[in-house]
Amino acid sequence: QVHLVESGGGLVQAGGSLRLSCGASGVAFNKLTLGWFRQAPGKERKFVAAIGWSDGSTVYTDSVKGRFTIYRDNAENTVNLQMNSLNPEDTAVYYCAARYLGGGPGIQSNEYAYWGQGTQVTVSS
């Protein structure tokens, strides 16, 4: 069983930055593929970014490329999402997700077995 806890959400003005962090426990962290998803009010949960376990390869949804960076710290058992140049369309609850081993970083929510409780990010215009 993997336990995930997100932190770092909050309220920020458009153009600002936030860093989300997700701590994991319960399994060898370096064997986890990790992802971030988000869900805006009234909308379905959508993929944001993911990072693989074996080579650290990353993948991003088009709308965040060049603005968001996902990176992992295997020593601290954390995965982080650095978010820059935020805009109101980034407002959502952000969820950390994990799966054990697997192939490359997945972009589908059903590829992930473990989920955090979510952290709210609100970007004001």
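Values in this document were obtained by computation on a predicted structure and should not be read as measured data.

## Section: the environment of Ser 7
Then, in step 1: Residue position: Ser 7 is located in strand β1 (residues 3-7).
Then, in step 2: Between the alpha carbons of Ser 7 and Asn 80 there is a distance of 9.5 Å; along the sequence they are 73 residues apart.

## What to know about the environment of Phe 29
Then, in step 1: Examined against the element boundaries, Phe 29 turns out to sit in the loop between β3 (18-25) and β4 (32-39).
Then, in step 2: Between the alpha carbons of Phe 29 and Thr 78 there is a distance of 8.2 Å; along the sequence they are 49 residues apart.

## Some words on the state of the cysteines
Note: disulfide means a covalent bond formed between the sulfur atoms of two cysteine side chains.
Then, in step 1: With the rule as written, the count across this model stands at one disulfide.
Then, in step 2: Covalently, Cys 22 is tied to Cys 96 through a disulfide, its sulfur atoms 2.2 Å apart. With the S-S dihedral at roughly -80°, the linkage between Cys 22 and Cys 96 falls on the left-handed side. Placement of Cys 22 in strand β3 and of Cys 96 in strand β9 (residues 92-100) is noted, with a sequence separation of 74 residues between them. You'll find Cys 22 and Cys 96 in the same group, each marked buried.

## Things to note about the layout of surface pockets
Then, in step 1: In this structure, the largest pocket encloses a volume near 190 Å³.
Then, in step 2: Around the largest pocket sit Arg 38, Gln 39, Ala 40, Lys 43, Glu 44, Lys 46, Phe 47, Thr 61, Ser 63, Glu 89, Thr 91 and Ala 92, which together line it.
Then, in step 3: Looking at the lining of the largest pocket, the elements that each hand over two or more residues are β4 and β5 (46-51).
Then, in step 4: When its residues are assigned to classes, the lining of the largest pocket shows three nonpolar, four polar and five charged.

Rules and cut-offs
- Residues numbered from 1 in each chain as written.
- Predicted model: local features only at pLDDT ≥ 70, side-chain atom pairs only at ≥ 80, totals over all residues.
- Heavy atoms only, no water.
- Helix = DSSP H or I, 4+ residues; strand = E, 2+ residues; numbered from the N terminus.
- Disulfide = S-S within 2.5 Å.
- Buried < 20%, exposed > 50% of the residue type's maximum accessible area, 1.4 Å probe, protein only.
- 1 Å grid on protein atoms, 1.4 Å probe; cavity = no way out; pocket = protein on both sides within 12 Å on 5 of 7 lines; lining within 4 Å.
- Points joined across faces, edges and corners; volume = space filled by probe spheres on them.
- Nonpolar A, V, L, I, M, F, W, Y, C, P; charged D, E, K, R; others polar.

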